Amino acid sequence: MPTTSTLRRALLYVPSSSQKFLSKSLLLPHTTDNITYDLEDSVTPSLKPTARTNLLSHLSALPKPPPNIGELAVRINAISTPYALTDLTTLAPLPSSTLSTIVIPKVNSPSDLTFVIDILRQVSPQNEPQKKVIALIESAKAVMDLKQICEAGKGSLDGLIFAAEDFALDLSLTRTPSLREFLYARSAIATAARASELSSTIDLVCTSYKGEEGKARLEEECRDGKEVGFNGKQCIHPSQVEIAQRMFAPDEKEVEWAVRVVIADEKAQAAGRGAWTLDDKMIDAPVVGKAHSVVTKAEKCGIDVKGLRRKWQGQEPE
């Protein structure tokens, strides 16, 4: 199981047409894995030039993201619109230390992805890390072409996002609380991302966020998404971020078990033991690999792995 290189437990959309929202995005009271400034769905056509200008000024004033923000990204307009090329040529020249990732909506074919990647290569600053791209999967065609899309993005593509509302429109589906109608598409996206060793597979937006009922619904969707294979959630309100990041981080029991496995495996390896058990469960190579992955992610999530290692330093392989 590949280790997630970029942590995106929550991907928070911020409308770029609002100067107030742009400013407030840097002052969130909690650590945020990702902020994605939006030029697409949250911006009306008449305001798109203004939003682009606002965003350029906002990002140009930042040498790098504030310490409480892991990554700054921009969702450009779809390739099929007259706005996408200007979005890219305006914003991609910004340093990768400030703007590291481009989110591409409505990726329906490999050519949509390669168009953006080619433009990025032409206009991005020289001698800098290449900007990463994340593709929004929003149609039946895109789901059927996932393998080709991932292959076309090799070296630049870093994640896939499922856009439920556009997918539902394409297939004339009605969204239900069970999300059963999206199971095939979501499983296909999570599987394709894992097969291509992408950092992120980001699940659909939870439209409920107000009150205890909204929080409970968000937790339920995060839990379901994690079980399907996603490792992050799109967020449309700052109040969703803390919940999504908590839900997509390894939980306390999972991390403790993983640390025990890692410590015991180190001792088993040193003793030349190939087979051993822990709590009456057989531990083999896939279990050890998963344990290492959980420990690495836990460290990135700020969990006190060193403290757990001290607590379980006496763990022996049984």
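Rules and cut-offs
- Residues numbered from 1 in each chain as written.
- Predicted model: local features only at pLDDT ≥ 70, side-chain atom pairs only at ≥ 80, totals over all residues.
- Heavy atoms only, no water.
- UniProt positions renumbered as here; feature names shortened; annotations may be inferred.
- Helix = DSSP H or I, 4+ residues; strand = E, 2+ residues; numbered from the N terminus.
- Buried < 20%, exposed > 50% of the residue type's maximum accessible area, 1.4 Å probe, protein only.
- Pairing = 2+ DSSP bridges.
- Axes fitted to C-alpha atoms, helices over the stretch in contact; angles between N-to-C directions.
- Parallel < 35°, antiparallel > 145°, perpendicular 65-115°, else oblique.
- Left-handed = near helix turned anticlockwise from the far one by under 90°.
- Contact = heavy atoms within 4.5 Å.
- Nonpolar A, V, L, I, M, F, W, Y, C, P; charged D, E, K, R; others polar.
- Arc of directions from axis to C-beta.
- Salt bridge = Lys/Arg side-chain N within 4 Å of Asp/Glu carboxyl O.
- Core = buried A, V, L, I, M, F, W, Y, C linked by side-chain atoms within 4.5 Å.

- Under an unreviewed UniProt entry, the name given to the chain is HpcH/HpaI aldolase/citrate lyase domain-containing protein, and the organism recorded is Podospora pseudocomata.
- According to the UniProt record, the Cofactor (unreviewed entry) comment for the chain reads "Mg(2+)".

### Things to note about unusual backbone geometry
Okay, so step 1: Unusually for a residue other than glycine, K106 sits at a positive phi of about 50°.
Okay, so step 2: With respect to the helices and strands, K106 occurs in the loop between β4 (101-104) and α4 (110-123).
Okay, so step 3: The exposure class of K106 is partly exposed, given its relative accessible area of 26%.
Okay, so step 4: At S172, a position not held by glycine, the phi torsion is positive, near 55°.
Okay, so step 5: By the secondary structure assignment, S172 is in the loop between α7 (164-171) and α8 (183-195).

### What to know about the pairing of strand β6 (residues 157-162)
Okay, so step 1: Of all 6 residues in β6, 6 are buried; the element is thus mostly enclosed.
Okay, so step 2: Of the pairings in the sheet, the one linking strand β5 (residues 132-137) to β6 comprises 5 bridges and is parallel in character. Each residue of the ladder has a partner; that of V133, found in β6, is L157.
Okay, so step 3: By the bridge criterion, 3 bridges tie β6 to strand β7 (residues 200-203) in an arrangement that is parallel. Looking at β7, one finds that L160 is bridged to T201.

### Re the packing of helix α2 (residues 48-60) against helix α3 (residues 84-91)
Okay, so step 1: At a minimum axis distance of 10 Å, the contact between α2 and α3 shows a crossing angle of 15°. By the angle between their directions, the pair α2 and α3 is classed as roughly parallel. Here α2 runs over α3; the crossing is right-handed. Where α2 approaches α3, its residues R52, L55 and L56 are matched on the opposing element by T86, D87, T90 and L91.
Okay, so step 2: A class-by-class count of the residues in the contact of α2 with α3 yields 3 nonpolar, 2 polar and 2 charged.

### Points about the UniProt feature "domain: HpcH/HpaI aldolase/citrate lyase" (unreviewed entry) in the chain
Okay, so step 1: In the numbering used here, UniProt assigns the feature "domain: HpcH/HpaI aldolase/citrate lyase" (unreviewed entry) to residues 9-238.
Okay, so step 2: With 40% helix and 17% strand, residues 9-238 has its two end C-alpha atoms placed 13 Å apart.

### Considering the packing of helix α11 (residues 252-270) against helix α12 (residues 285-300)
Okay, so step 1: In the contact formed by α11 and α12, the axes pass within 8 Å of each other and the chain directions differ by 120°. Judged by the angle between their axes, α11 and α12 are oblique. The hand of the α11/α12 crossing is left-handed. Contacts between α11 and α12 involve E254, V255, A258, V259, V261, V262 and D265 from the first element and V287, V288, K290, A291, H292, V294, V295 and A298 from the second.
Okay, so step 2: Broken down by class, the residue content of the contact of α11 with α12 amounts to 11 nonpolar, 1 polar and 3 charged.

### Details of α3
Okay, so step 1: Restricting attention to buried positions, one finds in α3 the residues A84, D87, L88 and L91. Down the axis of α3, the buried set is contained in an arc of 90°. They therefore lie on one face.
Okay, so step 2: Packing partners of the buried residues in α3 comprise α2, β3 (72-75), β4 and α4.

### Details of the pattern of salt bridges
Okay, so step 1: A complete count under the given rule lists 26 salt bridges for this structure.
Okay, so step 2: The salt bridge involving E40 is made with R75; its shortest N-O contact spans 3.4 Å. Of this pair, E40 sits in the loop between β2 (34-38) and α2 while R75 is found in strand β3, placing the two residues 35 residues apart along the sequence.
Okay, so step 3: Given a relative accessible area of 7%, R75 falls into the buried group.
Okay, so step 4: D166 is the salt-bridge partner of K106, the closest N and O atoms lying 3.9 Å from each other.

### Digging into the nonpolar core
Okay, so step 1: Core analysis: the largest hydrophobic core is formed by 66 residues, its most contacted members being Y37, L59, V74, V133, L160 and F162.
Okay, so step 2: With 6 residues, α8 is the largest single contributor of residues to this core.
Okay, so step 3: If we ignore the near neighbours within four places in the chain, the residues touching F162 are I137, F167, F182, A185, R186, I189, I202, D203, L204, F230 and Q234.
Okay, so step 4: With 18 residues, the next largest nonpolar core counts V255, L278, V288 and A291 among its residues.

### Digging into the sheet that holds strand β1 (residues 10-15)
Strand-to-strand pairing in sheets goes through backbone hydrogen bonds, with the strands running parallel or antiparallel.
Okay, so step 1: The 8 strands are arranged β1-β2-β3-β4-β5-β6-β7-β8 in a closed barrel whose pairing can be described as parallel. Pairs of neighbouring strands in the sheet enclose a mean axial angle of 25°, with direction left out of account.
Okay, so step 2: Its contacts with the sheet place α8 against β5, β6 and β7, and it is angled at close to 170° to β6.

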